[in-house]
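What the coordinates show
Single-letter residue listing:
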Amino acid sequence: YHAFKADILQLDMTADVRPANISRRSSRQQRKIHLHAMIGCIHLSDPDRSGALERLLPALRLGEQLHIGKSTTLGLGQYKIMAYTPNA
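This text gives an overview of the structure that appears in the document. (Residues numbered from 1 in each chain as written. Predicted model: local features only at pLDDT ≥ 70, side-chain atom pairs only at ≥ 80, totals over all residues. Heavy atoms only, no water.)

1. Remarks on the nonpolar core
- Counting residues in hydrophobic clusters, the biggest one holds 5 residues: I22, I33, L35, A37 and L76.
- For this core, the element with the most residues is strand β2 (residues 31-45), which contributes 3 residues. (Core = buried A, V, L, I, M, F, W, Y, C linked by side-chain atoms within 4.5 Å. Buried < 20%, exposed > 50% of the residue type's maximum accessible area, 1.4 Å probe, protein only. Helix = DSSP H or I, 4+ residues; strand = E, 2+ residues; numbered from the N terminus.)

2. Observations regarding the pairing of strand β1 (residues 12-26)
- Sheet topology places β1 next to β2; 15 bridges connect them, and they run antiparallel. When the sheet's bridge partners are listed, D16 is paired in β2 with C41.
- The antiparallel hairpin formed by β1 and β2 contains 4 residues in its connecting segment, where Q30 sits at a positive phi of about 55°. (Pairing = 2+ DSSP bridges.)

3. A look at the packing of helix α1 (residues 2-10) against helix α2 (residues 52-66)
- Two elements in contact, α1 and α2, have axes separated by 9 Å at closest approach and are oriented at 120°. If you check the angle between α1 and α2, you find them oblique. Note that α1 runs across α2; the crossing there is left-handed. The segment α1 lies against α2, with F4, D7, I8 and Q10 engaging A52, R55, L56 and A59.
- Partitioning the contact of α1 with α2 into residue classes produces 5 nonpolar, 1 polar and 2 charged. (Axes fitted to C-alpha atoms, helices over the stretch in contact; angles between N-to-C directions. Parallel < 35°, antiparallel > 145°, perpendicular 65-115°, else oblique. Left-handed = near helix turned anticlockwise from the far one by under 90°. Contact = heavy atoms within 4.5 Å. Nonpolar A, V, L, I, M, F, W, Y, C, P; charged D, E, K, R; others polar.)

4. Remarks on unusual backbone geometry
- At R49, a residue that is not glycine, the phi angle is positive and equals roughly 50°.
- Structurally, R49 can be placed in the loop between β2 and α2.
- In this structure, H67 takes a positive phi of about 70° despite not being glycine.
- If you trace the backbone, H67 turns up in the segment after α2.
- Exposure remark for H67: the relative accessible area of 28% places this residue in the partly exposed category.

5. Re the side chain of D46
- As for its placement among the helices and strands, D46 is situated in the loop between β2 and α2.
- It turns out D46 is buried and unbridged, and the closest side chain with the opposite charge, R55, is 6.2 Å from it.
- At 3.1 Å, the side chain of D46 and the backbone nitrogen of S50 are in polar contact.
- A distance of 3.1 Å separates the side chain of D46 from the backbone nitrogen of A52, its partner in a polar contact.
- Setting aside its immediate chain neighbours within four residues, D46 contacts Q10, L11, G51, A52, L53 and E54. (Lys, Arg positive; Asp, Glu negative; His and termini not counted. Salt bridge = Lys/Arg side-chain N within 4 Å of Asp/Glu carboxyl O. Polar contact = N/O pair within 3.5 Å; in protein donor to acceptor, adjacent residues only side chain to side chain.)

6. Let's talk about the environment of I22
- Residue position: I22 is located in strand β1.
- A relative accessible area of 18% places I22 in the buried class.
- For the pair formed by I22 and M38, sequence separation is 16 residues and the distance between their alpha carbons is 9.9 Å.
- With residues up to four places along the chain from it excluded, the contact list for I22 reads I33, H34, L35, A37 and L76.

Rendered as structure tokens:
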């Protein structure tokens with residue numbers, strides 16, 4: 001846990017997200033459910049080239065497959081990892 005947390009703290013993060021209100025139909029409750037979500041992009045970079053991002057990538061990929069958060073069964077919590085390598 002401590003190594004994982006240390007790697008996270010080494011990253012630079014910029015976020016371009018906005019709130020979104022989404023409605024879904026709950027088959028269990030037989031009613032419309034209003035959900036609050038965030039939509040946008042979060043950019044992670046490893047400015048020191050310490051390898052922190054590479055060490056965190058397996059956990060990020062796992063979250064990409066499993067989704068995260070309390071409303072994943074209603075379609076929330078999805079994210080997609082896109083690699084970007086700037087020209088040197």
